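Spelled out from the first residue to the last, the chains are:
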Amino acid sequence: MAEIVWTNPALEQLDDLAQYIALDKPDAARTLVRKVVEAVWRLAEFPLSGRVPEELPNSVYREVVVPPCRVFYRASDTTVFIIHVMREERALRAHMLK
């Protein structure tokens, strides 16, 4: 089983998104965070289960989608690094994952 490691920027991005949603719908914000955390925890057992982002073919990065979020990560043999969280309608730029 792989260890899940959240980077500080990814945690901040998820928190920012949840805070924005919570302005109008606090319950929806809590539900979103719970769903994202559950999806990420599944990566501990199945680290390659996410898809390769369309914008980065042949990349070492993968993503899981939890509408309205895209969660980007990089997996090694023992660790899954959660790198970036963004709204799914935004365009991904390679510099966002550095």
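So, a few notes on the structure that sits alongside this text.

Cut-offs applied
Position numbers for residues start from 1 in each chain and track the written sequence from start to end. The predicted origin of the model limits local features to residues at a pLDDT of at least 70 and limits the giving and counting of side-chain atom pairs to 80 or more, whereas totals for whole chains, interfaces and linings rest on all residues. Values reported for side chains reflect all heavy atoms of the structure, with hydrogen atoms and water molecules removed beforehand. Two strands are counted as paired when DSSP detects at least two bridges linking them. By the criteria applied, helices consist of DSSP H or I runs no shorter than four residues and strands consist of E runs no shorter than two, each listed in order from the N terminus. Lines fitted to C-alpha atoms define the axes here, with helix axes fitted over just the stretch in contact, and angles between the N-to-C directions of these axes take values from 0 to 180 degrees. Contacts: residue pairs with any heavy atoms within 4.5 Å of one another.

Things to note about the sheet that holds strand 4 (residues 79–87)
Item 1. Taken together, 4 strands build an open sheet; the order of strands is 1-4-3-2 and the sheet is mixed. Taken across any chain shown, the strands that pair with only one partner, and hence form the sheet edges, are strand 1 (3–6) and strand 2 (61–66). Between one strand axis and the next, the sheet turns by 30° as a mean value, whatever way the strands run.
Item 2. In terms of strand pairing, strand 2 meets strand 3 (residues 69–75) through 6 bridges, oriented antiparallel. Counted as the bridge partner of valine 66 is cysteine 69 from strand 3.
Item 3. The strands that helix 1 (residues 8–22) touches are strand 1, strand 3 and strand 4; relative to strand 4, the one it contacts most, it runs at about 35°.

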